[in-house]
Amino acid sequence: MALKEVTGADIAISRGFRDIKIGFDVNPFTKDVSAVRDDNAIKQAIKNLVLTVPGERPFNTSIGSAVNELLFEPMDELIGDALQDEIASTINKFEPRVSLINTLIEPDYEDGSYGVTVNYRIVGLPLVESVSFVLQRPQ
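Here we summarise the structure given alongside this text. All residue numbers refer to positions counted from 1 along the written sequence of the respective chain. Local features in this predicted model are restricted to residues whose pLDDT is 70 or higher, and side-chain atom pairs enter the listing and the counts only when it is 80 or higher, whereas totals over whole chains, interfaces and linings include all residues. Processing note: side-chain calculations cover all non-hydrogen atoms of the structure and skip hydrogens and water entirely.

### A look at the overall build of the chain
Now for step 1: The way it works is that DSSP assigns letters per residue, a run of H or I at least four long becomes a helix, a run of E at least two long becomes a strand, and they are numbered from the N terminus. Regarding its fold elements, the chain presents three helices and five strands.
Now for step 2: Its helices and strands in sequence order give the chain the pattern β-β-α-α-α-β-β-β, from N to C terminus.
Now for step 3: Note on classification: 1.4 Å probe, protein chains only; a residue is buried when its accessible area is under 20% of the maximum for its type, exposed when over 50%, partly exposed between these limits. The 139 residues of the chain split such that 29% are buried.
Now for step 4: We get accessible surface area from the Shrake-Rupley algorithm with a probe of 1.4 Å; when it comes to residues, only the shown protein chains can shield them. When the accessible surface of the chain is summed, it comes to about 9,400 Å², and 53% of that surface belongs to carbon and sulfur atoms.

### Remarks on the pairing of strand β5 (residues 128–136)
Now for step 1: Residues Glu 129, Val 131, Phe 133 and Leu 135 point to one face of β5 and are all buried, whereas Val 128, Ser 130, Ser 132, Val 134 and Gln 136, pointing to the other face, are not buried.
Now for step 2: One ladder, built from nine bridges, connects strand β4 (residues 113–122) with β5; its direction is antiparallel. Counted as the bridge partner of Gly 115 is Val 134 from β5.
Now for step 3: Pairing between strands is defined by DSSP: at least two bridges between them are needed. Connecting the antiparallel pair β4 and β5 is a turn made up of five residues, with Gly 124 showing a positive phi of about 95°.

### With respect to the nonpolar core
Now for step 1: In these notes, a set of buried Ala, Val, Leu, Ile, Met, Phe, Trp, Tyr and Cys residues joined through side-chain atoms within 4.5 Å is what counts as a nonpolar core. Core analysis: the biggest nonpolar cluster contains 20 residues, and Leu 83, Ile 87, Val 118, Tyr 120 and Leu 135 have the highest contact counts within it.
Now for step 2: Those elements that place two or more of their residues in this core are α1 (38–51), α2 (67–70), α3 (77–94), β3 (98–108), β4 and β5.
Now for step 3: With five residues, β4 is the single largest residue contributor to this core.

### Details of the pairing of β3
Now for step 1: Bridge count between β3 and β4: 10 bridges; the pairing is antiparallel. The partner of Asn 102 across the bridge, within β4, is Asn 119.
Now for step 2: Count of turn residues in the β3/β4 antiparallel hairpin: four residues, of which Gly 112 carries a positive phi of about 70°.

### Some details on the environment of Leu 127
Now for step 1: Note on placement: Leu 127 falls in the loop between β4 and β5.
Now for step 2: Taking relative accessible area as the criterion, Leu 127 reaches 55% and is therefore assigned exposed.
Now for step 3: Any two residues whose heavy atoms approach within 4.5 Å are treated as being in contact. Ignoring any residue separated from it by four or fewer positions in sequence, one finds Leu 127 in contact with Tyr 120, Arg 121 and Ile 122.

### Let's talk about the side chain of Glu 95
Now for step 1: When you line up the elements, Glu 95 lands in the loop between α3 and β3.
Now for step 2: Not counting residues up to four positions away in its chain, the partners in contact with Glu 95 are Ala 45, Ile 46, Leu 49 and Thr 90.

### Here we look at the sheet that holds β5
Across a sheet, paired strands are connected by hydrogen bonds in the backbone, their directions being either parallel or antiparallel.
Now for step 1: Strand order across the open sheet formed by three strands is β3-β4-β5, with antiparallel pairing between neighbours. Each edge of the open sheet is held by one strand with a lone partner, namely β3 and β5. Ignoring which end each strand starts from, the neighbouring axes of this sheet average 20° apart.
Now for step 2: The axes are straight lines fitted to the C-alpha atoms, using for helices just the contacting stretch, and the angles between their N-to-C directions are given from 0 to 180°. Lying on the sheet, α3 is in contact with β3, β4 and β5; it crosses β3 at an angle near 155°.

Dropping the structure here:
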């Protein structure tokens, strides 16, 4: 079997990413809104995508997931699987900067919440990154 030579055209290189910090914190030096960069920007974007209800964003009403609707269903394994599928589908559809590896859902029946861990690879980088958050019915 012949080995193929790897050239620069065969390798996808990741760019730097920058986004506004979700809390709109003020940078004490520039007096401007703080920014998040690279992997933290992607983690924030993934969480925001999952928590966004379709129709919530003006001018782009298709962005979002049905996760919020599923949180009002009785907690069981089927809903956990549906959450897992919905999160994976949303990330694959709306976040082109990542290659999804898996999504893990851990129900907490006593608290009425789900622990979510999303494992992914940033396109062009060999490292596996993850973001974890809790899904709970809005009060």
